[in-house]
Amino acid sequence: PLALGLYTVNAVYGDTITMPCRLEVPDGLMFGKWKYEMPNGSPVFIAFRSSTKKNVQYDDVPDYKDRLSLSENYTLSIKNARISDEKRFVCMLVTEDDVSEEPTIVKVFKQPSQPEILHQADFLETEKLQMLGECVARDSYPEGNVTWYKNGRVLQAVEEVVVINLQKIVDKSTGLFTMTSSLQYMPTKEDANAKFSCIVTYYGPSGQKTIQSEPVVFDVHYPTEKVTIQVLSQSSTIKEGDNITLKCSGNGNPPPQEFLFYIPGETEGIKSSDTYVMTDVRRNATGEYKCSLTDKSMMDSITITVHYLDLQLTPSGEVTKQIGEALPVSCTISSSRNATVFWIKDNTRMQTSPSFSSLQYQDAGNYICETTLQEVEGLRKRKTLKLIVEGKPQIKMTKKTNTNKMSKTIVCHVEGFPKPAVQWTVTGSGSIINKAKETKYVNGKFSSKIVIAPEENVTLTCIAENELERTVTSLNVSAISIPEYDEPEDRSDDNSEKVNDQAKLIVGIVVGLLLAALVAGVVYWLYVKKSKTASKHVDKDLGNIEENKKLEENNHKSET
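Reading the values: rules and limits
Residues numbered from 1 in each chain as written. Predicted model: local features only at pLDDT ≥ 70, side-chain atom pairs only at ≥ 80, totals over all residues. Heavy atoms only, no water. Helix = DSSP H or I, 4+ residues; strand = E, 2+ residues; numbered from the N terminus. Buried < 20%, exposed > 50% of the residue type's maximum accessible area, 1.4 Å probe, protein only. Areas by Shrake-Rupley, 256 points an atom, 1.4 Å probe, with all protein chains shown as cover. Pairing = 2+ DSSP bridges. Axes fitted to C-alpha atoms, helices over the stretch in contact; angles between N-to-C directions. Disulfide = S-S within 2.5 Å. Core = buried A, V, L, I, M, F, W, Y, C linked by side-chain atoms within 4.5 Å. Domains from an automatic or database assignment. Contact = heavy atoms within 4.5 Å. pLDDT = per-residue confidence, 0-100. Polar contact = N/O pair within 3.5 Å; in protein donor to acceptor, adjacent residues only side chain to side chain.

For the rest of this paragraph, the subject is the overall build of the protein chain. When helices and strands are counted, the protein chain shows three helices and 44 strands. For the protein chain, with 560 residues in total, the buried portion stands at 38%. Only carbon and sulfur atoms are counted for the fraction: they give 49% of the accessible area of the protein chain, which is about 32600 Å².

The next subject is the sheet that holds strand β29 (residues 300-304). Spatial ordering of the open sheet is given by β26-β25-β28-β29, a layout of four strands whose pairing is antiparallel. The open sheet has two edge strands with one neighbour each: β26 (270-272) and β29. Each strand axis lies, on average, 25° off the axis of its neighbour in the sheet, ignoring direction. Pairing of strand β25 (residues 259-262) with strand β28 (residues 287-293) involves four bridges; the strand directions are antiparallel. Looking at the pairing, F259 lines up with L293 of β28.

Bridge count for strand β14 (residues 145-150) against strand β18 (residues 195-204) is six bridges, and the pairing is antiparallel. Looking at the pairing, V146 lines up with V200 of β18. As defined by bridge partners, β14 adjoins strand β15 (residues 153-154) across two bridges and the pair is classed as antiparallel. Bridge pairing links Y149 to V154 in β15. Between the antiparallel neighbours β14 and β15 lie two residues, among them N151 with a positive phi of about 55°.

Here a disulfide denotes one covalent bond, and it connects the sulfur atoms of two cysteines. By the definition in use, this model includes five disulfides. The residue that forms a disulfide with C248 is C291, at a sulfur-sulfur distance of 1.9 Å. Of note, the bridge from C248 to C291 carries an S-S torsion of about 65° and is right-handed in sense. On the criterion of sequence distance, the pair formed by C248 in strand β24 (residues 244-250) and C291 in strand β28 is long-range, its members being 43 residues apart. With a sulfur-sulfur separation of 1.9 Å, C412 is cross-linked through a disulfide to C462. Judged by the torsion about the S-S bond (-85°), the C412/C462 disulfide is left-handed. Of this pair, C412 sits in strand β38 (residues 408-417) while C462 sits in strand β43 (residues 458-465), placing them 50 residues apart in sequence. We note that C412, like C462, is buried.

The biggest cluster of nonpolar side chains holds 50 residues, and the ones touching the most others in it are M19, W34, I46, L76 and F89. Formed jointly, this core draws a minimum of three residues from each of two domains, domain 1 (8-109) and domain 2 (116-221). The residues touching M19, leaving out its near neighbours within four places in the chain, are V9, W34, Y74, T75, L76, I78, F89, T104 and V106. Counting residues in each nonpolar core, the second largest holds 18 residues, with V227, V281, L293 and I304 among its members.

Per-residue pLDDT for the protein chain averages 86, and the proportion of residues at 70 or more is 84%. Of the regions scoring below 50 in pLDDT, residues 530-560 engages in 38 contacts with residues more than four places distant in sequence or in other chains.

What follows covers the side chain of S478. Inspection of the secondary structure assignment puts S478 in the loop between β44 (470-477) and α1 (495-529). Within the structure, S478 has its side chain in polar contact with the side chain of E484 (distance 3.2 Å). With residues near it in sequence (within four places) discarded, S478 still touches K408, P454, E456, N457 and E484.

This part takes up the sheet that holds β24. Across the sheet, three strands lie side by side as β22-β24-β27; this open sheet has antiparallel pairing. Of all the strands in the sheet, the pair left with one neighbour each is β22 (227-232) and β27 (275-278). Each strand axis lies, on average, 20° off the axis of its neighbour in the sheet, ignoring direction. As judged from the six bridges shared by β22 and β24, these two strands associate in the antiparallel manner. Bridge pairing in β24 places Q230 opposite K247.

So, on to unusual backbone geometry. Geometrically, the link from Y141 to P142 is a cis peptide bond, its omega value of -5° lying close to zero. Geometrically, the link from N253 to P254 is a cis peptide bond, its omega value of 0° lying close to zero. With respect to the helices and strands, the residue P254 is situated in the loop between β24 and β25. Here Y74, not a glycine, exhibits a phi torsion of approximately 70°, which is positive. Mapped onto the secondary structure, Y74 falls in the loop between β7 (68-70) and β8 (76-78). Its identity as a non-glycine residue notwithstanding, D139 has a phi of 55°, on the positive side. A residue is classified by how much of its surface remains accessible, and D139, at 35% relative accessible area, is partly exposed.

Dropping the structure here:
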């Protein structure tokens, strides 16, 4: 490189400066010398080397003591380059007849330290010009320049908004520069997350370079311009019994810490922190809620609906009614929104609401009226009705000759609630029959059945008794030799089957009358004469009559 047409050596501060002697060594060389020139032009010799004796001598110059080295080809090296080494050095080669000289310019460069933003403001306030900080870059040579950046863009000076002041101080002992650039800045709300940095531009041996500081974000304070009220809740709806937490916030920085909360029905605001809690709210808490700053400025409002659900079941609890009675049932709903109502009987959902104009045993059971607000989570109400339908025992007896013609089935059909206890007796002897079989008790109905094979005519009595009444019904049963057919219970045949059944009934009646006419006298005589014998036959089929008589006698005593 050339400076003003002269050969220049660029050196880094602290490194070794190497300056070759750019002269050709002439014949008859006696010695070579190096000197540098003072600002006034006077020379200062610093190194000597003889070409014949090969010895090197260094002049007593304090700045270069123990720093110089002169090689055989007359290249001069200076250790630990300093800013003061920036001079014009001259290489001299001397013969008997001539002195040759070649100058070299030395330039020294020093990279500054990474710039730092010092004396940072604790926070910035909008609409106020204040010192943001100082960007400091130390130990530079030559002096550098400092530029401020915001979010990667250069900050240009703007009067009363961006004020930049750069100072450069040189250390007299080292010759190095320290650059300090202060920034006064008037921020806006948009600067809340802005990144401020500074860059120092300096020159090195290879040209211009830059070093950037670490970015800094400042807390920007600005006043509240708007307040907002909201409900803090995990659910989107509120129901009776819930807790309500109101939160009021302002968009200033720092945010306001105290607010006034206005509750429906209250004229004065309630001073509180940014939250206000109401516990176990009722439906009368529905209304408009407001909050404002403590100076009653910048108000916001929100409407809260406290959902409720009331259910009234009439009658409810345990209700006992008699069969055939009417029972009006009503399930009344009062709610904040349209509610869904459904009925459940004995764990089965009903298609329609219950209505009892004439109670039957099958109407008894556990009824539940349940209602929900589908849009409100957890809002569900239910009430129960335990309906008991009572009735005195009702009896219907039927008889039938079995298909094997060897026995007859006598059935006592019983209705009533509570479930009646059933006893069988033989009229005349009063014996209790204990071999009956009972069907399952369903909807207040069941049957008690016995199978007998009487050799003579007998009369059987069915006794049904519960807490309400004792009912007795008797049935005459012919001897096994006489077939008997009663109409079956609960027929559901079609019309053709009914016609056939009616024809069969007429034929049976005619045959029965003929048989009765032929044997009436004989049967009556046998019945009267051999009543004891018939009792023995019944005992053979129905159990020990003597034991039954004793049980019957004990029963009569108990009743008495």
